[in-house]
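Chain residues, written in single-letter form:
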Amino acid sequence: MTQPTPSVTHEDVIRIVRRDFGDGKLTEVQAHLAAYGAQDGQRDTARVHLGILKLADGRMDRLRQMTEIACSDWRDVLSPAEYRRYAALAWSGRTDAEAPQQAIEDDWTEYQSWLTRT
């Protein structure tokens, strides 16, 4: 049982920014996102940027908040953006042996649907 990891690019980030914020906000959103990836140890920039965008859901206030969180610890963005259900299992107390695999599959389906939405 392994969690899939999205393979994404800067072009994906630009496409999602345009889709969720519009062309008119492209420069502003990119400026906010640029805060993550500027420091040593901030890795997987495109992936984290997409996590920020997913959690921001087209809202500038959430974009700023999620970027600050990512700069502090990128895992605090990727976990809810990519592995929401799986992460919640740890707190749920569920012991169903099939629950982790189902959560992984559902999280992956949700992420792919979000990423490819037009």
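Before going into details, it helps to say that this report is about the structure given with it. (Residues numbered from 1 in each chain as written. Predicted model: local features only at pLDDT ≥ 70, side-chain atom pairs only at ≥ 80, totals over all residues. Heavy atoms only, no water.)

**Structural notes on the environment of aspartate 12**
Part 1 of the reasoning: Within the element layout of this structure, aspartate 12 appears in helix H1 (residues 10-21).
Part 2 of the reasoning: According to the relative accessible area criterion, aspartate 12 is buried, its value standing at 18%.
Part 3 of the reasoning: Expressed as a C-alpha distance, the spacing of aspartate 12 and histidine 49, which sit 37 residues apart in the sequence, is 9.7 Å.
Part 4 of the reasoning: In this view, aspartate 12 contacts Ser7 and Leu50; residues no more than four positions away in its chain are not counted. (Helix = DSSP H or I, 4+ residues; strand = E, 2+ residues; numbered from the N terminus. Buried < 20%, exposed > 50% of the residue type's maximum accessible area, 1.4 Å probe, protein only. Contact = heavy atoms within 4.5 Å.)

**Quick look at the environment of serine 7**
Part 1 of the reasoning: One can find serine 7 in the segment before H1.
Part 2 of the reasoning: Given a relative accessible area of 74%, serine 7 falls into the exposed group.
Part 3 of the reasoning: Serine 7 sits 39 residues away from alanine 46 along the chain, and the two C-alpha atoms are 9.0 Å apart.

**Quick word on H1**
Part 1 of the reasoning: End to end, H1 covers 16 Å across 12 residues, agreeing with the expected 16 Å (1.5 Å per residue, within 8%).
Part 2 of the reasoning: When H1 is considered as a whole, its buried residues turn out to be Asp12, Val13, Ile14, Ile16, Val17, Asp20 and Phe21.
Part 3 of the reasoning: Looking at the buried residues of H1, the elements they touch are helix H2 (26-33), helix H3 (45-56), helix H4 (60-72) and helix H7 (99-116).
Part 4 of the reasoning: Following H1 by one or two positions, glycine 22 has its phi on the positive side, about 90°. (Expected span 1.5 Å × (residues − 1).)

**Looking at the packing of H1 against H3**
When two helices pack together, their arrangement is given by the angle between the helix axes and the distance between those axes.
Part 1 of the reasoning: The contact between H1 and H3 brings their axes to 9 Å, and the two run at 15°. Classified by the angle their axes make, H1 and H3 are roughly parallel. For the pair H1 and H3, the sense of crossing is left-handed. Residues His10, Asp12, Val13, Ile16, Val17, Asp20 and Phe21 of H1 touch H3, and the partners they reach there are Ala46, His49, Leu50, Leu53 and Ala56. (Axes fitted to C-alpha atoms, helices over the stretch in contact; angles between N-to-C directions. Parallel < 35°, antiparallel > 145°, perpendicular 65-115°, else oblique. Left-handed = near helix turned anticlockwise from the far one by under 90°.)

**A short note on the packing of aromatic side chains**
Part 1 of the reasoning: Evaluated as defined, the whole model comprises 1 aromatic pair.
Part 2 of the reasoning: With a centroid separation of 5.6 Å and 50° between ring planes, the pair formed by tyrosine 111 and tryptophan 114 is classed as tilted. Here tryptophan 114 and tyrosine 111 lie together in helix H7, a separation of 3 residues that amounts to about one turn.
Part 3 of the reasoning: The class of tyrosine 111 is buried, set by a relative accessible area of 1%.
Part 4 of the reasoning: Among the residues examined, tryptophan 114 registers a relative accessible area of 8% and is labelled buried.
Part 5 of the reasoning: Its end group placed over the ring of tryptophan 114, arginine 19 keeps NZ or CZ at 5.2 Å from the ring centre.
Part 6 of the reasoning: The ring of tryptophan 74 has arginine 75 sitting right over it, with the charged end atom 5.8 Å from the ring centre. (Phe/Tyr/Trp six-rings, centres within 6.5 Å; stacked < 30°, edge-to-face > 60°. Lys NZ or Arg CZ within 6 Å of the ring centre and 35° of its normal.)

**Quick look at unusual backbone geometry**
Part 1 of the reasoning: With phi around 45°, aspartate 44 is a residue other than glycine that occupies positive phi space.
Part 2 of the reasoning: Relative accessible area serves as the criterion here: at 37%, aspartate 44 is assigned to the partly exposed category.
Part 3 of the reasoning: Unusually for a residue other than glycine, aspartate 57 sits at a positive phi of about 55°.
Part 4 of the reasoning: Counting through the fold element by element, aspartate 57 comes out in the loop between H3 and H4.
Part 5 of the reasoning: Residue aspartate 57 is classed as exposed on the basis of its relative accessible area, which comes to 58%.

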